[in-house]
Amino acid sequence: MYFADRNLTVHDRGSRVRVLQLGDVNDNPLSSLRLLTRNGQEREEESCDVVKQIDRSRKGIFQCKVLTISRKRRKVQHMYHLNNAPLEFVESVKYLGVTITSDLKWTQHINNTVSKANIVLAFLRRNLRIKSSDIKATAYKTLVRPIVEYASTVCDPSSKNLIHKVEMVQRRAARFTLNRYHNTSSVTKMLQELDWTTLEQRRENDRLIMMYKIHNNLTPLSAHVYSIKQVTQLTRASQPHSYQVPYSRTESHHHSLRTVRNWNSLSSQIVSAPSVGSFRNRLTVDHSG
């Protein structure tokens, strides 16, 4: 479906092509329209269904945004149009639940995620007034923790400030689970009592599991796409499944390759696991030890 001046051409799945005057529909939504078939015949048809298609198309135009990703102070911006309508320039956009900014930093995404998780945790605290710590822990793991771990293999913060913000969600959840809100209560001991791994460690495990899938071709992603190659000459500190770490000139690029360095630091017994489940178990045992 596309606009051409004031005419709207609608391509159906069948053999018919509809040509509609937008002005007629705006004046009378229930007016009839010309229906042209491929053999040139004309028919009259009610325009209700086509009007709905027009509305969806117009809404789609206003939902489209332009995001320029660059580290330059003065960004080069070009005006884009869709169906003769200029598209709005934005500094951030939410795509598939992940907030992407023009500088490719995760600050805004982490702030939004932490805020949403805290709202859900506060809801549980107000409405789940029970003494059972097991039920509270299950509620946290089911409703709160998936929020902060969504897309964690991609948006894993590297700054201490953002890592601390995410960890504070789980620390608040520990107080909620054990019902210990006194300022002298140690949250660290609560986490040990609950046997909860830090969210930072869980994100690292998720990244390594994704690396395992890439290494064993269990995902459409390929290491060659990211210019990551396996080592050809082994050293005493490397294992047979190690990868070369590309040179980084910026700190952001250096942090983006930490999964490769984490993978290279694993023992050969862990990376040679026969399945994803086995790799996850060996990884958990290695980190717990």
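Everything below is about the structure printed above this text.
Residues numbered from 1 in each chain as written. Predicted model: local features only at pLDDT ≥ 70, side-chain atom pairs only at ≥ 80, totals over all residues. Heavy atoms only, no water.

1. Quick notes on the nonpolar core
- Core analysis: the biggest nonpolar cluster contains 24 residues, and V144, A174 and W196 have the highest contact counts within it.
- The set of elements that each furnish at least two residues to this core consists of α3 (107-127), α4 (133-148), α5 (160-178) and α6 (187-194).
- With 7 residues, α5 is the largest single contributor of residues to this core.
- If we skip the residues at most four places from it in the chain, W196 touches A137, Y140, K141, Q170, A173, A174, T177 and L191. (Core = buried A, V, L, I, M, F, W, Y, C linked by side-chain atoms within 4.5 Å. Buried < 20%, exposed > 50% of the residue type's maximum accessible area, 1.4 Å probe, protein only. Helix = DSSP H or I, 4+ residues; strand = E, 2+ residues; numbered from the N terminus. Contact = heavy atoms within 4.5 Å.)

2. Overview of the packing of helix α7 (residues 199-215) against helix α11 (residues 276-288)
- Close contact between α7 and α11 brings their axes to 10 Å; oriented N to C, the two are set at 145°. When the axes of α7 and α11 are compared, the crossing they make is right-handed. Contacts between α7 and α11 pair Q201, E204, N205, L208, I209, Y212 and K213 from the former with V276, F279, R280, L283 and H287 from the latter.
- Of the residues contributing to the contact of α7 with α11, the split by class is 6 nonpolar, 3 polar and 3 charged. (Axes fitted to C-alpha atoms, helices over the stretch in contact; angles between N-to-C directions. Left-handed = near helix turned anticlockwise from the far one by under 90°. Nonpolar A, V, L, I, M, F, W, Y, C, P; charged D, E, K, R; others polar.)

3. Considerations on α5
- If you check α5, its first and last C-alpha atoms are 27 Å apart, about what 19 residues at 1.5 Å a residue would give, namely 27 Å.
- Listing the buried residues of α5 in full gives L162, I163, V166, E167, V169, Q170, A173, A174, R175, F176, T177 and L178. (Expected span 1.5 Å × (residues − 1).)

4. Some points on the packing of aromatic side chains
- According to the stated counting rule, one finds 3 aromatic pairs in the structure shown.
- Ring centres 4.7 Å apart and planes at 20° place the aromatic pair Y212 and F279 in the stacked group. Of this pair, Y212 sits in helix α7 while F279 is found in helix α11, placing the two residues 67 residues apart along the sequence. F279 matches Y212 in its accessibility class, with the two residues each being buried.
- When the centroid spacing of 5.9 Å and the interplanar angle of 35° are considered together, the rings of W263 and F279 count as tilted. Taken together, the positions of W263 in helix α9 (residues 258-265) and F279 in helix α11 put the pair 16 residues apart, joining distant regions of the chain.
- Since its relative accessible area comes to 0%, W263 is described here as buried.
- Put simply, the rings of Y212, W263 and F279 pair up and form one aromatic cluster.
- The ring of F176 carries the charged tip of K136 above its face, separated from the ring centre by 5.1 Å. (Phe/Tyr/Trp six-rings, centres within 6.5 Å; stacked < 30°, edge-to-face > 60°. Lys NZ or Arg CZ within 6 Å of the ring centre and 35° of its normal.)

5. Some details on the environment of K165
- Structurally, the position occupied by K165 is in helix α5.
- C-alpha of K165 to C-alpha of S115: the two residues are 50 residues apart in sequence and 9.8 Å apart in space.
- Contact partners of K165, with chain neighbours within four places excluded, come to N111 and V114.

6. A closer look at the pairing of strand β11 (residues 98-101)
- Relative to β11, strand β10 (residues 92-95) is paired through 4 bridges, and the arrangement is antiparallel. Opposite V93, over in β11, you have I100 as the bridge partner.
- Taking the residues that link successive antiparallel strands as the turn, the β10-β11 hairpin has 2 residues, and the phi of L96 there is positive, at about 55°. (Pairing = 2+ DSSP bridges.)

7. Focus on unusual backbone geometry
- The phi angle at L104 is positive, at roughly 60°, despite the residue not being glycine.
- Residue placement: L104 occurs in the loop between β11 and α3.
- In this structure, N179 is a non-glycine residue whose phi angle is positive, near 60°.
- Inspection of the secondary structure puts N179 in the loop between α5 and α6.
- For N179, a relative accessible area of 52% translates into the label exposed.

8. A closer look at the packing of α3 against α4
- Between α3 and α4, whose axes approach to 8 Å, the crossing angle comes to 165°. As summarised for this structure, α3 and α4 are arranged roughly antiparallel, according to the angle between their axes. When the axes of α3 and α4 are compared, the crossing they make is right-handed. Residues T113, K116, A117, V120, L121 and L124 of α3 touch α4, and the partners they reach there are A139, Y140, L143, V144, I147 and V148.
- Taken together, the residues of the contact of α3 with α4 sort by class into 10 nonpolar, 1 polar and 1 charged. (Parallel < 35°, antiparallel > 145°, perpendicular 65-115°, else oblique.)

9. Some remarks on α4
- With 16 residues, α4 should reach 22 Å at 1.5 Å per residue; the first-to-last C-alpha distance of 21 Å fits that figure.
- Here the buried face of α4 lies against α3, α5 and α7.

10. Some thoughts on the pattern of salt bridges
- Under the definition given, this model contains 6 salt bridges.
- D156 is paired through a salt bridge with R203; the nearest N and O atoms lie 2.6 Å apart. Here D156 is found in the loop between α4 and α5, whereas its partner R203 is found in helix α7, with 47 residues between them in sequence.
- Note on D156: relative accessible area 7%, which makes it buried. (Salt bridge = Lys/Arg side-chain N within 4 Å of Asp/Glu carboxyl O.)

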